[in-house]
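# Structure assessment
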Amino acid sequence: MTVLASAFRILAAAAATLLAVTAAAPVAQAKPEPKAPEEFVALRSVDPTIIQEMRYPTAHNFMGVPVDGYRQPLCILTRPAARALHHAQTRLLKQGYSLKVYDCYRPQRAVDHFVRWAKDLDDETMKGEFYPRVDKTRLFADGYIAEKSGHSRGSTVDLTLVKLPAAPTGPYLPGQKPVPCYAPEADRFPDNSVDMGTGFDCFDTLSHTDDPRVQGTQRANRQFLKKTLNDAGFVNLAEEWWHYTFKPELFPDTYFDFPVARRSVAGH
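An account of the accompanying structure is given in this report. (Residues numbered from 1 in each chain as written. Predicted model: local features only at pLDDT ≥ 70, side-chain atom pairs only at ≥ 80, totals over all residues. Heavy atoms only, no water.)

### Here's the deal with unusual backbone geometry
Glycine aside, residues mostly have negative phi angles, and peptide bonds mostly take the trans form. Selection rule: Secondary structure elements are defined from DSSP: runs of H or I of at least 4 residues count as helices, runs of E of at least 2 residues count as strands, and each element is numbered from the N terminus.
Cis geometry is adopted by the peptide bond preceding Pro165, which originates at Leu164 and carries an omega value of 0°. One can find Pro165 in the loop between strand 5 (156-163) and helix 6 (216-231). At the junction of Lys247 and Pro248, the peptide bond is cis and its omega measures out at -5° in the coordinates. The residue Pro248 is located in the segment after strand 7 (243-246) in this model. Of note, Asp201 is a non-glycine position whose phi angle comes to about 60°, a positive value.

In structure tokens, the structure reads:
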């Protein structure tokens, strides 16, 4: 046998061994995405009239980028919370108003994204709109960012009121000049909601529901929203006029991480 032939035989044997090992190795499977428990539903399946302007799948939020875990602009809630919003909406429609939701169920991976962003002190892309008067080093200490969120339990919603007929919300153009979220209504981002004194997700004490500096129509609008939702079983977070939790919570101690997507609640 020539040296060349012997070398070919050795290479062939090595290749055969490698193929055998590869064939025997288990095929790596992509980990399936978790689905929502049966108690979760898409809000639209319970009440299609509630306006949805989901901010976190878009770049118009305090980070300036779409948030992890938001696959589609969809409000998902536990069924009792969704039904309670429906009852509130039924009353509001008779008075010429509609609810508008900004955020509903929030996966834990989204909260983790918030935390990573808050620790990156060099990223202040959206400071001019969402936290002009707050130093980013204070976001955890002042309670604007936390490692857990009630939204992940499925019964908390961020929302506002819209006077009907609803005008369209102006488009957000990334890179546009920021205007402070507490600026006069005519100057800040052109949301189609009633004037609440600040925009949604405004990291400022003016966002406290009962801040005494907020008076007149702005205060009346906040109190109208609060009473309507209180009557439907929701409790307001005092630091955020837009933040409400339905009580009693169906999952008071569980923080879910299924993505915000139609497939998460398909068939519910």
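Read on, since the account is not over.
### Focus on the sheet that holds strand 5
How we decide: If DSSP finds at least two bridges between two strands, the strands pair.
Spatially, 5 strands are ordered 2-4-5-7-6 in an open sheet, and the strand pairing comes out mixed. The two strands at the open ends of the sheet, each matched to only one other strand, are strand 2 (51-52) and strand 6 (234-236). With 3 bridges connecting them, strand 5 and strand 7 associate as antiparallel partners. Bridge assignment links Asp158 to a residue of strand 7, and that residue is His243.

### Topic: the pattern of salt bridges
To keep things clear, this is the line we draw: Definition used for salt bridges: Asp or Glu carboxyl oxygen within 4 Å of a side-chain nitrogen of Lys or Arg. The buried label applies to any residue whose accessible area, calculated with a 1.4 Å probe on protein chains only, is under 20% of its type's maximum; exposed applies above 50%, and partly exposed to all values in between.
The full count for this structure, using the stated rule, is 19 salt bridges. For Asp204, the salt bridge goes to Arg133, with nearest N and O atoms at 2.9 Å. Of this pair, Asp204 sits in the loop between strand 5 and helix 6 while Arg133 sits in the loop between helix 5 (127-130) and strand 5, and the two are 71 residues apart along the sequence. The buried category is assigned to Asp204, whose relative accessible area is 4%.

### Things to note about the packing of aromatic side chains
Under the convention used in this document: For this analysis, a ring pair means two rings from Phe, Tyr or Trp (six-membered ring only for Trp) whose centres lie within 6.5 Å, classed as stacked if their planes differ by under 30 degrees, edge-to-face if by over 60, and tilted for the remaining angles. Working rule: Lys NZ or Arg CZ, within 6 Å of ring centre, within 35 degrees of ring normal, means a charge sits over the ring.
For the structure shown, the criterion picks out 23 aromatic pairs. Pairing Tyr56 with Phe114 gives two aromatic rings, centres 5.3 Å apart and planes at 70°, and the pair type is edge-to-face. Pair noted here: Tyr56 is in the loop between strand 2 and strand 3 (76-78) and Phe114 is in helix 4 (residues 108-119), with a separation of 58 residues, a long-range link. What makes Tyr56 buried here is its relative accessible area of 2%. The buried category is assigned to Phe114, whose relative accessible area is 5%. Three or more aromatic residues link up through ring pairs in this structure, and these residues are Tyr56, Phe62, Tyr70, Tyr102, Phe114, Trp117, Tyr131, Tyr144, Phe200, Phe203, Trp241 and Trp242. Positioned above the aromatic ring of Trp117, the side-chain terminus of Lys136 is 3.9 Å from the ring centre. Over the aromatic face of Tyr97 sits the side chain of Lys163, whose NZ or CZ is 4.5 Å from the ring centroid.

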